[in-house]
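# Commentary on secondary and tertiary structure
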Amino acid sequence: MGNRKNGYQIQSTRDRATNRRGFGLIESVIGAALFALIALSVSQLLVRVVELGRVARQRTTATALANEQFEIIRNLPYSDVGIVGGLPVGKIPATQTLVRDGLTFTVKAYVRNIDDPFDGTIGGSPNDLSPADYRLVQFEISCSACTRFTPIDLTTTAAPKNLESASTNGALFINA
């Protein structure tokens, strides 16, 4: 191996070369493959987290838009809660295209008169001569430019401040 001189061990050049072995080709390839696999997994995870954050932001914006529409309904007189040119007649547009947070949303509104069985129903016992007890307002919010966005469908009710009164509204029953 080596020689001893004055109590110190002296290694030959050949002995030092065998003690300083580096990584071989196989170890280097395996290490690079493991690093690439881990880096790819982390990058895919990062892309997925960013995408989920974007989708969550889109849904939050759409929900805030629905809340904005509900606030408009709450501030309208009951007689104006309806669809422009529809039944019941009112001041709510049937379809709107609104831009929020740089995203274009389509808002579809539906308003229906509801006959509450509490005071009787039309044709029932007791017969309700004013079947439009309150209105069900529904907003469907979609975003065609948003990826992985499922439309939001929310409803609320609007009722008159006073007891119902006789109106010119009727009820249409269709049996299919």
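Structure: see above.
A brief structural summary. (Residues numbered from 1 in each chain as written. Predicted model: local features only at pLDDT ≥ 70, side-chain atom pairs only at ≥ 80, totals over all residues. Heavy atoms only, no water.)

## Some details on the nonpolar core
Formed by 22 residues in total, the largest nonpolar core has its most connected members in I73, V81, I92, F105, F139, I141 and F149. Only α2 (25–74), β4 (103–114), β5 (134–142) and β6 (152–158) provide two or more residues apiece to this core. With residues near it in sequence (within four places) discarded, F139 still touches Q69, F70, I73, I92, V107, K108, A109, I152, D153 and L154. (Core = buried A, V, L, I, M, F, W, Y, C linked by side-chain atoms within 4.5 Å. Buried < 20%, exposed > 50% of the residue type's maximum accessible area, 1.4 Å probe, protein only. Helix = DSSP H or I, 4+ residues; strand = E, 2+ residues; numbered from the N terminus. Contact = heavy atoms within 4.5 Å.)

## Description of the pattern of salt bridges
Evaluation of the coordinates by the stated rule reveals six salt bridges. For R148, the salt bridge is made with E51, and the minimal N-O distance between the two is 2.9 Å. One end of the pair, R148, is in the loop between β5 and β6; the other, E51, is in helix α2, and 97 residues separate them in sequence. By relative accessible area, which is 55% here, R148 ends up exposed. It is possible to trace a salt-bridge network through shared partners that takes in R48, E51 and R148. (Salt bridge = Lys/Arg side-chain N within 4 Å of Asp/Glu carboxyl O.)

## Quick word on the pairing of strand β3 (residues 95–100)
Of the pairings in the sheet, the one linking β3 to β4 comprises six bridges and is antiparallel in character. Bridging from a neighbouring strand, T95 pairs with K108 of β4. The turn joining β3 and β4, which pair antiparallel and follow one another in sequence, is formed by two residues; a positive phi near 55 degrees is taken by D101. (Pairing = 2+ DSSP bridges.)

## Points about α2
Helix length check: α2, at 50 residues, gives a terminal C-alpha distance of 73 Å against a target of 74 Å (1.5 Å per residue), a fit within 8%. Where α2 is concerned, the buried positions are E51, V55, Q58, T61, A62, L65, A66, Q69, F70 and I73. Among the structural elements, β3, β4, β5 and β6 are those in contact with the buried residues of α2. (Expected span 1.5 Å × (residues − 1).)

## With respect to unusual backbone geometry
The amide bond that connects L87 to the next residue, P88, takes the cis arrangement and shows omega of -5 degrees. Note that P88 resides in the loop between α2 and β3. Its identity is not glycine, yet D101 carries a phi of approximately 55 degrees, on the positive side. Within the secondary structure layout, D101 lies in the loop between β3 and β4. Phi is positive for R148, which is not a glycine, with a value near 60 degrees.

## Looking at the state of the cysteines
Covalently bonding the sulfur atom of one cysteine to the sulfur atom of another cysteine gives a disulfide. Taken as a whole and judged by the stated rule, the model has one disulfide. The disulfide bridge from C143 ends at C146, spanning 2.1 Å between sulfur atoms. Across the S-S bond of C143 and C146 the torsion is about 65 degrees, and the bridge reads as right-handed. Given the relative accessible area of 8%, C146 is considered buried. (Disulfide = S-S within 2.5 Å.)

## Digging into a nonpolar patch on the surface
Together, I26, I30, L34 and L37 give the surface a local cluster of nonpolar side chains, amounting to about 420 Å² of exposed area. Among the secondary structure elements, L34 is positioned in helix α2. (Patch = residues over 30% accessible without salt bridge, like charges linked within 9 Å, V, L, I, M, F, W, Y side chains within 5 Å. Areas by Shrake-Rupley, 256 points an atom, 1.4 Å probe, with all protein chains shown as cover.)

These values are about where atoms sit, not about what they do.
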